[in-house]
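# A closer look at the structure
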Amino acid sequence: MAHWSRFEKELELETRRLISHYTSIQDEEDQNFQMALKFAWSNFKFHRFLDANAHNVQRSINGIHEKLMIHSDLSKAESWLRLTEEFLSSPLPNTEGTKTDVHYSVLALLLHLSDSPSNTNYCERPRPKETEKEDKFDWAKYLMEGEDIDTGPFPDTPEWSEDESEEEDSQQPLSREDSGIQVDRTPQEDHEQNDKTVQVTWTVGEPDSRAWLEQHIVTSYWVPNSPRFPHSLHLHSNLYNVWDQHLYNTGPLYLPEEKSFVTETQVIRETLWLFSGVKKLFIFQHNDGKVTVRNDVVVTHLTNNCLHSVLEHIAAYGQAVSRLQKFIDEVTGHSAEPCPPGLNSSSSSSSKKSSDPPFRTYQAFVWALYKYFTSFKEELNNIEKDIIAKDETVTLSSVLERLSPHLAQITMLHRVFCTGVADVPPGTPNVLRASHLLNTLYKAIIEYDSVGEASEQSVSLSVFNVEHKMHKFVHLSMYRSFFFFFLLIKRSQNDAVFSPSYQVALLFSLWVETVRPYLEIVDEWIVHGHLFDPAKEFIIQRNKDVPVNHRDFWYATYTLYSVSETVESEERLSDAASGSSGGEQASSSRQHTMVSFLKPVLKQIIMAGKSMQLLKNLDCKETEQPDGSSRDAERKSLYTLFLESVQTRLRHGEDSPTNTVTEQQATKKSLIKMQSIVARHLELDDIHDPLLAINFARLYLEQNDFHEKFSGSNVILDRSSESVTCQTFELTLRSCLYPHIERRYIECCGNLMRTLKKDYRLLGYLQAMRNYFLLEAGDTMYDFYTAIFDKVLEKESWQQLAFLNVQLQEAVGQRHPEDSSRLSIFLETIDPARKKQPVNNLDGLTLSYKVPWPVDIVISSECQKIYNQVFLLLLQIKWAKYSLDTLRFSDLTVAAKKQEGGQSEESQAKEPVNQQIHRMFLLRVKLMHFVNSLHNYIMTRILHSTGLEFQHQVQEAKDLDQLIKIHYRYLSTIHDRCLLREKVSFVKEAIMKVLNLVLIFSDRWQAGFGAWKIESIDKMESDFKNCHMFLVTILNKAVCRGSFPHLESLALSLMAGFEQC
Amino acid sequence: MASHASANMNAVRETMDVLLEISRLLNTGLDMESLSICVRLCEQGINPEALSSVIKELRRASDSLKASENSTSQG
């Protein structure tokens, strides 16, 4: 081979090297080596391949680039293009120039040798060349993520040189925020950060380590001027650039701004973080509780406006979430961010809270919210896990879609929160806040319920429309499959949590939670008689200054706070005078006052509570008291009972016979209706298939049933409450809450009534009142008043307290010794002007009966006043009657005979004495008739019969309030019927005149004939006649009108007396 | 001149680095040494396609040789 040129020798050398390199045979004399050499030579020399063609190679290069792009190997494609370009423009060892054939042939060689470049895991292998190009990259910023390096022992963690690790140590540990992102830095800090990064320049020598870092650490997009992440150059993923370019081209004034590019995943993650309550974010910024979107954030595949509008939407939700979160933190007392004391209002309020008793209604509300947020965050976590798993594509819109039911709920919660909590001006008393919150929830439930139904209807209608439009194009044969398709759609709609009833369910569970403190207060009150409400949040407040064993306890102890929604003003309605009826009237006059849900049973609650407290304070002698405490442990609280009833109602609501019957009827009705509609629709297309029509109709109904059945089978309240709908909500309350309260009310008040009647002789005291004030104990009182009347007759002074009391004690002590100590009589000083008439002599005489507690709640001093008025009237009548009854004929006749002897001539001039005496007799009888009629009327017709009625009602009185009312009614009735009312005072005056006349008459009679002039008889007669006539006319008129049936007997008897004279 | 030569050397080394990157990207399985041999061969006018077929053949042969050696040593 001497003829070989140097060139060929070199070629030979290289070939040998190649072979020895590949076969690792060092011995060139080896047989195998020789064979390989021969093979190589023959191939090199005698081949049929074309020379490398620059165009072909270039085409291949482009082809590979495109292929990589298609495979979305963006980084690979980019580096491929760049590397080949660079290679072609660089010199080769022994070749002059660039882009020579040699270049292309080398590339061609590599292309031939290449082994499916798109398929390899090249992207996971280090590429020193590219990282070298990015050598200026700021590693320190990469490392701000920090944790990967700190945790250290990753198997593939690159080894650092000593210097580098020292540098790492010298770097300050960077605090990691919740999100792992720092954006809330002042420019100053930013600058420092930049300085730091300048100082710490990383020179990572080993290519592997760089690649590792690049793949394991998030690009720090939150840093200004952060490097752009590599992304596809495909049109789809460059919409922003294209649009930007378009704007730039079309608008001469368009100024491209500096934007920070983020990936959609980053946006999604920030969104999730925002929803989970993280405050320091890059894309979303918190400003005084407001969440705003950064303007300069863009993703490559969306235009700025598009992204912004989506993010604005999210920010609104985020704001709601953060507001609710803040509220939760405030109430639970720990701020999410520890701030210096005094600076933050929330911290000061929380410190203030610690001293105040806990506001349980808000706490319960917060607890309910918290429970909801737990589930919400679970969902967020699931989404984040999905993102991490990378099993499926997670886009922003898919995340929003997935969260949409939650977001709708959050909007609703926020609205409820705003109206129920946030809008309440600071400084409002707790009772207002609590009742306002409960009212808001209550109203929201009802509102959403009706809205929910409407929207459900509209949904089904719209589906029906779509279906109608579609089926115009669908042949009948396809119709059946179409039917099943719709069945599927319907089912999926059912499953969607978006249904408004879910919101109602959420509201309901919120309400159930929030109402808990109230119900517990009520429970504590009506079971133990103890209104435990340290935060003063219940609508009824105990007035501390009134002790239980006070006479005013029943009226003045509790204040009912009534909240008027319209004026937002607080009104204290002290349910005085008429018991709780005052509160009742007030509540009926204002529709939105106080806690609406308690309104129907408010009276019962108040009654039961007051009764219970009273009962607890009475030393009950009942036997059930000792084991009361042991029973209390087993006793279920009102709230538990309520929950249980709600659950059973939801579970068995369908089972109740009446329900199913009506439901079936309803179903049948709507089925027929639906069928007709569907049939009409089908006929429009000339399709007459009644079976199909029925099936369609059934489909729509099924949807409703399905939902109810589905939710009804669940035991957990939160789930099962989904079926609580509009009509049923109030029904639910009525059937689940009110009966328990009602039962408790009946029990309490029954107990109280029993105790009062049995142990405290309530009935006995009422009887005593009638005995002494209404003179039912005739014999006793007769002894008393006749003593007085006798004194008057004898013209002695009877107005001495000692005398009166002695008489009273003597009279009472004989027959009712137990009452003698309680009864006493007083004389009220009366202005002398009123004492002109003899009948008014008795005025000022007041009987007093010391009623012991607690009976004085019923028989109050006001009652005694009325009793006294009647008592006085009775005394006056009795006096008149007595003075007429005690007149003796002999008094008059004896005196007359005396006179007859002395002055016979005188008297003969006028009338004979006998005739005058006879006139006196007649007048006396007339007066007696009148007085007796009146006496009869009042004692029997009025007092006795009314008393019987009263006794009957008292036996049936359910609660103390009712009893008090009955007593009052009784008193006012007798007051009325005794003509003591102002309105009929003219009647009373006439009667008084007659009584007066009687007294004068008897006085004259007593004085004897001749002590007065004969004209006075005429005067008395005419006076009496006038009064009598007047009364008869008046009473007749009243009787004829029929307005006073009880007066009938009086009118008749008076009339009878009148006709006779 | 020496500086020019050294500059040229650096340029060539860079070229070779780029080339190695490309070969890695393409998954050719060539290392630096074989790559430089190939470049030199190409510079000497060897047809790249022929060279590639030779390399493939050599790889295959060497693999099979090693495999047979392994099997004989084991047997």
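Rules used throughout
- Numbering of residues starts from 1 in each chain and follows the order in which that chain's sequence is written.
- Throughout, the order in which chains and ligands are written sets their labels, letters from A for the former and numbers from 1 for the latter.
- In keeping with the model being predicted, local features are shown solely for residues with a pLDDT of at least 70 and side-chain atom pairs are shown and tallied solely at 80 or more, while totals for entire chains, interfaces and linings include all residues.
- To get the side-chain values, all heavy atoms of the structure are used, and hydrogens and water are removed first.
- Numbered from the N terminus, helices here are DSSP runs of H or I no shorter than four residues, and strands are runs of E no shorter than two.
- Residue burial is assigned from relative accessible area. The probe radius is 1.4 Å, only protein chains are included, and a residue is buried under 20% of its type maximum, exposed over 50%, and partly exposed in between.
- Throughout, a residue-residue contact means that at least one pair of heavy atoms, one from each residue, lies within 4.5 Å.
- Expected span, for any helix, means 1.5 Å times one less than how many residues it has.
- Once two parts are joined, some of their accessible surface, as seen by a 1.4 Å probe, is lost; buried area is that loss totalled over both.
- Salt bridge, as used here, is a side-chain nitrogen of Lys or Arg placed within 4 Å of a carboxyl oxygen of Asp or Glu.
- Contacts described as polar in this section are N or O atom pairs within 3.5 Å, which, within protein, must combine one atom able to donate a hydrogen with one able to accept it, while residues neighboring in sequence count only if both atoms come from side chains.
- By the convention adopted, Pro, Cys, Tyr, Trp, Phe, Met, Ile, Leu, Val and Ala count as nonpolar, Lys, Arg, Asp and Glu as charged, and the other residues, Gly among them, as polar.

## Remarks on the side chain of S933(A)
Residues and elements named next belong to chain A. Looking at the element boundaries, S933 is found in helix α39 (residues 913–956). Owing to a relative accessible area of 8%, S933 belongs among the buried residues under this scheme. Leave out the neighbours within four places in its chain, and S933 touches L1050, S1053 and L1054.

## A short note on helix α4 (residues 74–88) of chain A
Three- or four-residue spacings in an α-helix give side chains the same orientation, since the helix completes a turn every 3.6 residues. End to end, α4(A) covers 21 Å across 15 residues, agreeing with the expected 21 Å (1.5 Å per residue, within 8%). For α4(A), the full list of buried residues reads L74(A), K76(A), A77(A), S79(A), W80(A), L83(A), T84(A), F87(A) and L88(A).

## Structural notes on the interface of chain A and chain B
Each partner contributes to the interface: chain A provides 58 residues, whereas chain B provides 45 residues. Summed over both partners, the interface of chain A with chain B comes to about 4,900 Å²; 72% of that surface belongs to carbon and sulfur atoms. For chain A, the biggest contributors to the area lost against chain B are Y22(A), L110(A) and L113(A); these three give 15% of the whole. Scanning the region where chain A abuts chain B turns up one salt bridge. A salt bridge links R40(B) to E14(A), with the shortest nitrogen-to-oxygen separation between them at 3.2 Å. Across the chain A-chain B interface, the total number found is eight residue pairs in polar contact (both at pLDDT 80 or more). Contributing elements (two or more residues each) for the side of chain A that touches chain B: α1 (6–23), α2 (31–45), α3 (54–70), α4, α5 (101–113) and α6 (128–133) of chain A. It is α1(A) that provides the largest number of residues to the side of chain A that touches chain B, a total of eleven residues. For the side of chain A that touches chain B, a count of residues per class yields 32 nonpolar, 16 polar and ten charged.

## Looking at the environment of Q604(A)
Residues and elements named next belong to chain A. Along the chain, Q604 turns up in helix α24 (residues 599–617). For the pair Q604 and I746, spaced 142 residues apart in the sequence, the C-alpha separation amounts to 8.4 Å. In this structure, Q604 is in contact with I741, E742 and Y745, ignoring residues within four places of it in sequence.

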